[in-house]
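Structural characterization, general
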Amino acid sequence: MAIYLGLDCSTQGLSAIAIEVDGEERRMVFERSFSFDETFPRYRTSHGVLPSDDPLVAASSPVMWAEALDRMMGIVAKSGVDLSRIRAIAGSAQQHGSVYLTAQATGALAGLDPTRPLVDQLAGVFARAEAPIWMDASTAEQCAAITDAVGGPAALARLTGSRAFERFTGPQIRKYAEQDPAGFARTDRVHLVSSFLASLLAGRHAPIDPGDGAGMNLMDITRRDWAPAALEATAPYLWRRLPTIAPSWSVVGELAPYWRERYGFSAARVIAWSGDNPCSLIGTGIVTEGRVAISLGTSDTLFGFLREPRIDPTGAGHVFGAPTGDYMSLVCCRNGSLARERVRNMFDLDWDGFSRHLRDVPPARGGAIMLPWFEAEITPPVLDPEVWRFGLDAVNGPANVRAVVEAQMLALALHSRWMGVDVETIYATGGAARNREILQVMADVHDADVYQLEVGNSACLGAALRAYHADELANGRAMPWEDVIEGFVEPVAEARVRPVAEHVALYAELARVYEACEAYALGAGSSPRDLLVAFRQRHPVGPLPERG
Ligand code: ADP
Ligand code: XUL
């Protein structure tokens, strides 16, 4: 029976899932996660991010990711999983982050010594010690310059699938090339987090797949290859420094001798890694049009499957490649789990307490709106973080808990309208998807049935499923994706969360108030006061239920 391993290097930690497949018999045989902060305190990360004086800057440590990969492979090796049956390994990683390697990297990757820990062999490999990650918002200037050079935001979006975004890799590369020309001159290869980790496994430079490549503002979204105009607009001689772009199912090579000799793995195929959202698309079973998933991880994302690229005319969303060879649409809000945690901690709550408040406070109470921009926001674009409260008392814990979740769901709904999907079912994934009270708000705001999935970490599962698909393909068997995912992406039927008609109606009204508050806060609309007052008149605020 074949075993396939999926790895997921997310913002906050590393996970692994192994699945066993024997025809109709399919099961998960191993699952493990650890957090970077707890496992590797010497890197001094907080939620996986290095300390920074500039609130717009967010970076992590590529050496830490390498050490984490080494640690996880050691854990898998000792887990009792039959290593000789692991046929292929694929991975998922936080998107957009970039790793800058020197020319020494090629030799170092090829010659990893199994008698010494991986990180001890990476001295001289990094042209830049830090890797800017998706939470970075410090490249507004570079975004503007790239946009101008390519002919405006609409032209860039048509070419690459997105207008320029601060966290995208192209603007990040441009900033590095401008601010540290010597460091950029030392840079022989710029990898994404995904292709960097795949390179370590294969002992050679891995390609970038179109799922993750589309998050760079550098890839031609329809040709799935580098877009010369975007490369030229970004940095000198960039084409020389980028890996190739190859389909998501590409075999990068065999697992390098380092892993086989050090831990006893077999010569499994290493499959190209992809971004966490493209992998989640597979891990939530979205391989046809008309369904969407919402991931409540560090970021909140909403995504769906597309046959053809479809560009968001409002400029808020993205088109990425899907690991099936098709496309996916996505919107991403940065103030996701960490904003919920901020509100939870402000009122000294644990998650049970947070959920209790969600149960106690009725939906849309008093038309209160919070704009939870604790940190710079991606959707809508906000570079000066500020938390706005309309009709909401900052010291009222229960009301703030409900308001933060409502705002997050309303923002996802508002900014995903361009996708044109009539959402009837949502697959919920990511750390906060285990919270049924949050899922109830999701169901009510989107007027959709919400399902939790049996495997919560859909990005990691998606990576394991991609390993299975690619291995079959390499063996000459092109499996339909429906067959690949079968048995693994089952929604938990008893965990279906249904929308409540009365709440749906309220949220349809509140959405208009939210939109007005958002426009006002962005300086693009007049005061939402009258709308708020009218909402309150129609829905007078009752007392909160007593708690015994
Ligand atoms: P990532 O993959 O981006 O690293 P995860 O998908 O693992 O993140 O989600 C981690 C987040 O899940 C934590 O930051 C935490 O806020 C959130 N979380 C965990 N348990 C709960 C819960 N019961 N209710 C709400 N949020 C939760
Ligand atoms: C997507 C995005 C985040 C990261 C981290 O565009 O920026 O979802 O992939 O999970």
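Above this text you will find the structure in question.
Below you will find a few notes about this structure. (Residues numbered from 1 in each chain as written. Chains lettered and ligands numbered in written order. Predicted model: local features only at pLDDT ≥ 70, side-chain atom pairs only at ≥ 80, totals over all residues. Heavy atoms only, no water.)

Each helix and strand counted, the protein chain has 20 helices and 21 strands in total. The C-alpha atoms of the protein chain give a radius of gyration of 23 Å, which matches the 24 Å a tight globule of 548 residues would have. Counting only residues that meet the buried cut, the protein chain has 62% of its 548 residues in that class. Excluding contacts between residues fewer than 6 apart, the proportion of contacts in the protein chain whose partners are at least 24 apart in sequence is 74%. For the protein chain, the exposed surface amounts to about 20,400 Å²; the carbon and sulfur share of it is 48%. With 50 positive and 67 negative side-chain charges, the protein chain shows a separation of 2 Å between the mean positions of the two kinds. (Helix = DSSP H or I, 4+ residues; strand = E, 2+ residues; numbered from the N terminus. Rg over C-alpha atoms; globule rule 2.2 N^0.38 Å. Buried < 20%, exposed > 50% of the residue type's maximum accessible area, 1.4 Å probe, protein only. Contact = heavy atoms within 4.5 Å. Areas by Shrake-Rupley, 256 points an atom, 1.4 Å probe, with all protein chains shown as cover. Lys, Arg positive; Asp, Glu negative; His and termini not counted. Charge placed at Lys NZ, Arg CZ, Asp CG, Glu CD.)

Taken together, the side chains of Asp22, Glu24, Glu25, Glu454, Glu482, Asp483, Glu486, Glu490 and Glu494 define an acidic patch exposed on the protein surface. Note that Glu486 resides in the loop between α18 (481-485) and α19 (501-521). Judged by its relative accessible area of 47%, Glu486 falls in the partly exposed class. (Patch = residues over 30% accessible without salt bridge, like charges linked within 9 Å, V, L, I, M, F, W, Y side chains within 5 Å. Salt bridge = Lys/Arg side-chain N within 4 Å of Asp/Glu carboxyl O.)

Another point: the packing of helix α15 (residues 397-415) against α19. Packing of α15 against α19 brings their axes to within 10 Å, and their N-to-C directions diverge by 85 degrees. With respect to each other, α15 and α19 are oriented roughly perpendicular. When α15 is examined against α19, the residues Arg402, Glu406, Ala407, Leu410, Ala411, Leu414 and His415 are found in contact with a partner set consisting of Tyr507, Leu510, Ala511, Tyr514, Glu515 and Glu518. (Axes fitted to C-alpha atoms, helices over the stretch in contact; angles between N-to-C directions. Parallel < 35°, antiparallel > 145°, perpendicular 65-115°, else oblique.)

Time to look at the site of ligand 2. Lining the immediate surroundings of ligand 2 are Gln95, His96, Trp134, Arg167, Asp276, Asn277, Ser299, Thr301, Phe320, Leu330 and Cys332. A distance of 2.8 Å separates an oxygen atom of ligand 2 from a polar side-chain atom of Arg167. Here Asn277 contributes a side-chain N or O atom positioned 3.0 Å from an oxygen atom of ligand 2. Summarising the interface, the protein chains cover 96% of the accessible area of ligand 2, which totals 290 Å² for the free molecule. Elements supplying a minimum of two residues to the shell around ligand 2: α12 (276-283) and β17 (327-333). (Near = heavy atom within 4 Å. Polar contact = N/O pair within 3.5 Å; in protein donor to acceptor, adjacent residues only side chain to side chain.)

On a regular strand, one side chain projects to one face of the sheet and the next to the other, so that they alternate. Burial analysis of strand β1 (residues 2-9) places 8 of its 8 residues in the buried class, the great majority of the element. Alternating positions in β1 separate into two faces, Ala2, Tyr4, Gly6 and Asp8 on one and Ile3, Leu5, Leu7 and Cys9 on the other, with burial throughout. Counted along the chain from β1 to the antiparallel partner strand β2 (residues 13-22), the turn is 3 residues long. Pairing between β1 and strand β5 (residues 86-93): 7 bridges, direction parallel. Paired with Ile3 across the two strands is Ile86, which belongs to β5. (Pairing = 2+ DSSP bridges.)

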